[in-house]
Every structure is written in structure tokens, then in C-alpha cells.
Amino acid sequence: MEGFVDFTNRCQGRDQLFRATQYTCMLLSYLIENKTDKKKLVMKLKQLESSMSSGRKMFRLGNVVHALVAARRTAELPEVVPRFCLTASHLSRALYFVCDAVLWLRSVGLQPDIDKAKWQNWATKCYYCSLLMNLARDWYEISWRLEQAALEEKIKENSFWQKHSKELNSVKSDGLHGFLCQLFQILKRNPPLLLDLMKNLCDLSGPLDTLGIYKTNPGMIGFCGLLSSLVGILTLAIPHLKLKQ
């Protein structure tokens, strides 16, 4: 099983390239669809987008095994919150891959009687749940670092009260502004956390639109999907930028 996981891991880079191409086509077709002299180009972009989507479904056929192995690994994490969030995320993603495989069978004509709308809705809900769990984990990491920063400030205040008391009081009185500044500094010092948070937030645009929670347009979905794909490619190319699980 571990050998199979290693093999599917090597396919992630190819999937991210296909994904970036898919969302680039979506974004470009949205930007030029109202231009009468670009109708043929729009049609070609949409065909390419559809081809990339179908190709990605084929590449993801074995990912359910990878997700289950990842869930088994994260179930052994010592901390409760990351253990729950990551395990739930991987299990939701495994269900998503099952739905995705069923949709692929329909798209290639092996199971033409499958209810596409129903399975697409299930797949979207599973993917949405996985993203929410990932964001919960990101917020846990941010909260922990905010607590550490507050503790460090308290230690400095106790150790060098005369020198820093006025400065610390002014930071505390800033309220939301002070919190945002501290959050900015934390994300700036932790690129893997920043990139993971950015990727998960960008990935939300698709499920939110499909489920009718927050309607947007193909241009926004394409832009967010492209940005998420570029972050995914970056973390694959530079492994130390990927948030550790």
C-alpha cells in the first residue's frame, strides 16, 4: 500500500499542472466571452478546460487509497485538534474521490445511467467539508502562535516594565488593528501556514458557488483556482514550504 501511495504522490505535480491549465482556461474564457471576434477562441478554451478536468479525474482514480492512508497517519497525532481536523479532512477527501471516480465512469460512458447531479452534489459537499477542516486546522495553528506571541509580550512586560510598558499599552489599546498587525507578523514569519491558508481560502470559491452558499462567477472561480494551483505547484517544488501534518 505504501508503494502505491508513493506512486500517486508523483502524480500530484502533473495534476497541479492540469489544474492550473484548467482554471486558466476558465478565467480567460470568462474575460473574452463577450467579444464577438473571440467566439472560436472561447470555444477552444472551454474544450481545453473540459479535457483538463477529465484528465484530472483519471489521475485521481487511486487517490482514495492515499487519502485513507493519510487519515490513518494523522489519527495518531498527539494533539487533539490537529488530529481531529486532519483526519476528518482526509476522510472527507476520500469520500470526494469516490464520488469523483463515479462521475468519471459516467463521463467515459461506462456507467451512463448514473445521476450526475446527485453525485456532483455529494462530491462538492465532501470537498467543502474537507476544506472547512483544513481551515479549522489553520486557525488552530494561528491561535496557538497568537497565544505564544501574547505570552512573550507578557514576559517582556514583566522583565522590562519600565522600558516597554508604554509601548505595550499602546499596542493593546489598538484593538483590532493591533490584532491584525500581530496576525500579519505571524503569517509573515510562517510561510507554510500562510500558503496553506491562502490555498484553502481560494479553493472555497468553487464549492461555495456550486452549493449556492455564496454565488460568484466563473472568472472569480478561475482566478482563485489558478492561484490555488500555483501555490500547490510551489509547495510541491519546494517541500519545506508545505505545512507539516
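Visitor: Sorry if this is basic, but what is going on with the overall build of the chain here?
Guide: For the chain, the count of helices and strands is 11 helices and 0 strands. When the helices and strands of the chain are placed in sequence order, the string is α-α-α-α-α-α-α-α-α-α-α. Here the chain holds 245 residues, and the buried ones make up 40% of them. Taking all contacts inside the chain whose residues are at least 6 apart in sequence as the whole, residues at least 24 apart take part in 74%. Accessible area for the chain stands at about 15,000 Å²; split by element, carbon and sulfur atoms hold 62% of it.

Visitor: Help me understand the packing of aromatic side chains, please; the structure alone is not making it clear to me.
Guide: Any two aromatic rings considered together are summarised by their centre-to-centre distance and by the angle between their planes. Applying the stated criterion across every chain, the model contains 3 aromatic pairs. Between Tyr 96 and Phe 97, the aromatic rings sit 5.4 Å apart at their centres with planes inclined by 50°, giving tilted as the arrangement. Judged by its relative accessible area of 9%, Phe 97 is buried.

Visitor: Sorry, what's going on with the confidence of the model for the chain here?
Guide: For any part of a model where pLDDT is low, the fine detail of the predicted coordinates should not be relied upon. For the chain, mean pLDDT is 86; residues scoring 70 or higher make up 89% of the total. Within the chain, helix H7 (residues 161–173) has the poorest average pLDDT of any element, 49, and helix H9 (residues 191–203) the best, 96.

Visitor: What exactly am I supposed to notice about the pattern of salt bridges here?
Guide: Close approach of charged atoms allows side chains of opposite charge to pair. Summed over all chains, the structure comprises 7 salt bridges. Two residues, Asp 203 and Lys 199, come together in a salt bridge whose shortest N-O distance is 3.2 Å. With Asp 203 and Lys 199 both in helix H9, this residue pair falls 4 residues apart, about one helical turn. Members of the salt-bridge network, linked through shared partners, are Arg 19, Lys 199 and Asp 203.

Visitor: How do you make sense of the state of the cysteines when you look at a structure like this?
Guide: Among covalent bonds in proteins, the disulfide is the one between the sulfur atoms of two cysteines. Counting across every chain of the model gives 0 disulfides. Here Cys 99 stays unpaired: no disulfide links it, and the sulfur of Cys 126, its closest cysteine neighbor, is 4.8 Å away. By relative accessible area, which is 6% here, Cys 99 ends up buried.

Visitor: Looking at this structure, I do not really get the packing of helix H2 (residues 12–32) against helix H11 (residues 218–237). What am I missing?
Guide: In contact at an axis separation of 8 Å, H2 and H11 are set at 155° when each is read in the N-to-C sense. As summarised for this structure, H2 and H11 are arranged roughly antiparallel, according to the angle between their axes. In this structure, the crossing between H2 and H11 has a hand that is left-handed. In this structure, H2 uses Gln 12, Gly 13, Gln 16, Leu 17, Arg 19, Ala 20, Tyr 23, Thr 24, Met 26, Leu 27 and Tyr 30 to contact H11, whose residues at the interface are Pro 218, Gly 219, Ile 221, Gly 222, Phe 223, Gly 225, Leu 226, Ser 228, Ser 229, Gly 232, Ile 233 and Leu 236. Residue classes in the contact of H2 with H11 are distributed as 12 nonpolar, 10 polar and 1 charged.

Visitor: What is the right way to read H9 from this model?
Guide: The α-helix advances 3.6 residues per turn, and as a result positions three or four apart in sequence lie on the same side. The end-to-end C-alpha separation of H9 is 18 Å, in line with the 18 Å expected for 13 residues at 1.5 Å each. Turning to H9, its buried residues number three or more, namely Pro 192, Leu 193, Leu 195, Leu 197, Asn 200, Cys 202 and Asp 203.

Visitor: What should I look at first to understand the environment of Val 42 in this one?
Guide: Along the chain, Val 42 turns up in helix H3 (residues 39–59). The exposure class of Val 42 is buried, given its relative accessible area of 8%. Put simply, Val 42 and Cys 25 are 17 residues apart on the chain and 8.7 Å apart in space, counted from C-alpha to C-alpha. When neighbours within four sequence positions are excluded, Val 42 is seen to be in contact with Ser 29, Ile 32 and Glu 33.

Visitor: How do you make sense of the nonpolar core when you look at a structure like this?
Guide: In summary, soluble globular proteins display a tendency toward joint burial of nonpolar side chains. Membership of the largest hydrophobic core comes to 22 residues, with the highest contact counts inside it found for Tyr 96, Ala 123, Ile 142, Leu 187, Leu 193, Leu 197 and Leu 204. Elements supplying a minimum of two residues to this core: helix H5 (80–107), helix H6 (116–159), helix H8 (176–189) and H9. Among the elements that make up this core, the one with the highest residue count is H6 (8 residues). For Leu 204, the contacting residues outside a window of four places in its chain are Tyr 128, Leu 131 and Leu 135.

Visitor: It is not clear to me how the packing of helix H4 (residues 63–74) against H5 should be interpreted in this structure. Could you clarify?
Guide: Relative to each other, H4 and H5 sit at 165°, their axes nearing to 8 Å. By the criterion of interaxial angle, the relationship of H4 to H5 is roughly antiparallel. Between H4 and H5 lies a crossing of left-handed hand. Residues Asn 63, Val 64, Ala 67, Leu 68, Ala 70, Ala 71 and Thr 74 of H4 form the contact with H5, whose participating residues are Arg 83, Leu 86, Thr 87, His 90, Leu 91, Arg 93, Ala 94, Phe 97 and Val 98. Residues of the contact of H4 with H5, tallied by class, amount to 10 nonpolar, 4 polar and 2 charged.

Rules and cut-offs
- Residues numbered from 1 in each chain as written.
- Predicted model: local features only at pLDDT ≥ 70, side-chain atom pairs only at ≥ 80, totals over all residues.
- Heavy atoms only, no water.
- Helix = DSSP H or I, 4+ residues; strand = E, 2+ residues; numbered from the N terminus.
- Buried < 20%, exposed > 50% of the residue type's maximum accessible area, 1.4 Å probe, protein only.
- Contact = heavy atoms within 4.5 Å.
- Areas by Shrake-Rupley, 256 points an atom, 1.4 Å probe, with all protein chains shown as cover.
- Phe/Tyr/Trp six-rings, centres within 6.5 Å; stacked < 30°, edge-to-face > 60°.
- pLDDT = per-residue confidence, 0-100.
- Salt bridge = Lys/Arg side-chain N within 4 Å of Asp/Glu carboxyl O.
- Disulfide = S-S within 2.5 Å.
- Axes fitted to C-alpha atoms, helices over the stretch in contact; angles between N-to-C directions.
- Parallel < 35°, antiparallel > 145°, perpendicular 65-115°, else oblique.
- Left-handed = near helix turned anticlockwise from the far one by under 90°.
- Nonpolar A, V, L, I, M, F, W, Y, C, P; charged D, E, K, R; others polar.
- Expected span 1.5 Å × (residues − 1).
- Core = buried A, V, L, I, M, F, W, Y, C linked by side-chain atoms within 4.5 Å.

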